[in-house]
Each structure stands twice: as structure tokens, then as C-alpha cells.
Amino acid sequence: ILSDASRNMSRVAPPHVAEAPRASAVPTPVIPRYKQGGLVHLGEVLHKGEAQYPQIAKAAHVTGDVELECVVGVDGRIHEVNVKSGNPLLVRAAVDAAWQWVYAPSKLNGVPIEIVTILKFSFKLN
């Protein structure tokens, strides 16, 4: 003999599974991404963002470097920022500054490219 709860549970319909969206007919263009070095050169820096020393890091006498791996888009602006190393008290200030950097667009054989570069910010107390 099934209880009322058991009978109700056996009547529950399986969840509806939606179909995956179909790919659009127009493919999105793939922008080539290169690492800086060899014959691939990063465009000239047009604007550098300056990192502001965080007050909490100053109070704690924290110094050091923050290294960021950044993707510079075909427009010369930073499109991605990934932290490679650095003290957590300093990282946010470095990342905020990196987003402000602007480069002349990088090109390879006259074609605009995305380029991966490393930005290093040094925090030193006076």
C-alpha cells in the first residue's frame, strides 16, 4: 500500500529538457591573439594608468610587485587582466591601473591583432 506522498511522487513528470541553441548562420570573426616577442611587437603606449598605493597596504608596510598578464585588443585597449603574482593587498590597485592603459593598435603584416603582454607594478614605501 502506497501512502499519499508516495503516490504523488510517482506522478511527477520528468523535467523538461530544452534544446541547445543552434549556431548562428553568420560565424563571428576570430581575432588572432599573439604573445609579445620575436617578430610580434606591442603597439606604443599612449596612456599609462598609475596605481594608487592602497592605504591598508601602506599602514601594514606592505611592499612588492604585482605582475599581470593582459590582453590588448585590436583597438589598443586592455580587454582581459589576469593576476600572475602579487600581494593581495596590492592586486586591486594594480588591476585598476592596468584597465586604464591604452596602446597604439598592434598589427602583424598590416592586420590588427590582439596581443598578450605582461604589466608589472612596483609598490615601494618612501
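Look above for the structure.
Residues numbered from 1 in each chain as written. Predicted model: local features only at pLDDT ≥ 70, side-chain atom pairs only at ≥ 80, totals over all residues. Heavy atoms only, no water.

J.: Please explain the environment of Lys84 as it appears in this structure.
T.: Position of Lys84 among the secondary structure elements: in strand S4 (residues 78-85). Sequence separation between Lys84 and Glu69 is 15 residues; the distance between their C-alpha atoms is 6.4 Å. With sequence-adjacent residues up to four places away left out, Lys84 is seen in contact with Glu67, Leu68, Glu69 and Ile118. (Helix = DSSP H or I, 4+ residues; strand = E, 2+ residues; numbered from the N terminus. Contact = heavy atoms within 4.5 Å.)

J.: Just checking my understanding: could you explain the packing of aromatic side chains for this structure?
T.: Each aromatic ring pair is characterised by the separation of its centres together with the angle its planes make. Applying the stated rule across the entire model yields 3 aromatic pairs. With centroids separated by 5.4 Å and ring planes inclined at 85°, the aromatic side chains of Tyr53 and Phe123 adopt a geometry described as edge-to-face. Here Tyr53 is found in the loop between strand S2 (45-47) and helix H2 (55-59), whereas its partner Phe123 is found in strand S8 (residues 114-123), with 70 residues between them in sequence. The pair formed by Tyr53 and Phe123 is uniform in burial state, with each residue classed as buried. Pairing Trp101 with Tyr103 gives two aromatic rings, centres 6.1 Å apart and planes at 40°, and the pair type is tilted. Here Trp101 and Tyr103 have matching classes, each one buried. An aromatic cluster is present here, built from Trp101, Tyr103 and Phe121 joined pairwise through their rings. (Phe/Tyr/Trp six-rings, centres within 6.5 Å; stacked < 30°, edge-to-face > 60°. Buried < 20%, exposed > 50% of the residue type's maximum accessible area, 1.4 Å probe, protein only.)

J.: Would you mind showing me how to read the nonpolar core here?
T.: For soluble globular proteins, nonpolar side chains are generally found buried alongside one another. Judged by nonpolar contacts, the single largest core of 25 residues is most densely connected at Leu68, Phe121 and Phe123. Sorting the residues of this core by element identifies strand S3 (64-72), S4, helix H3 (88-98) and S8 as the ones contributing at least two each. The leading source of residues in this core is H3, at 7 residues. Those residues in contact with Leu68, other than ones at most four positions away along the chain, are Val81, Asn82, Val83, Lys84, Ala94, Val95, Ala98, Thr117, Ile118, Leu119 and Phe121. (Core = buried A, V, L, I, M, F, W, Y, C linked by side-chain atoms within 4.5 Å.)

J.: What exactly am I supposed to notice about the environment of Ile56 here?
T.: For Ile56, the location among the structural elements is in helix H2. Sequence separation between Ile56 and Leu89 is 33 residues; the distance between their C-alpha atoms is 7.3 Å.

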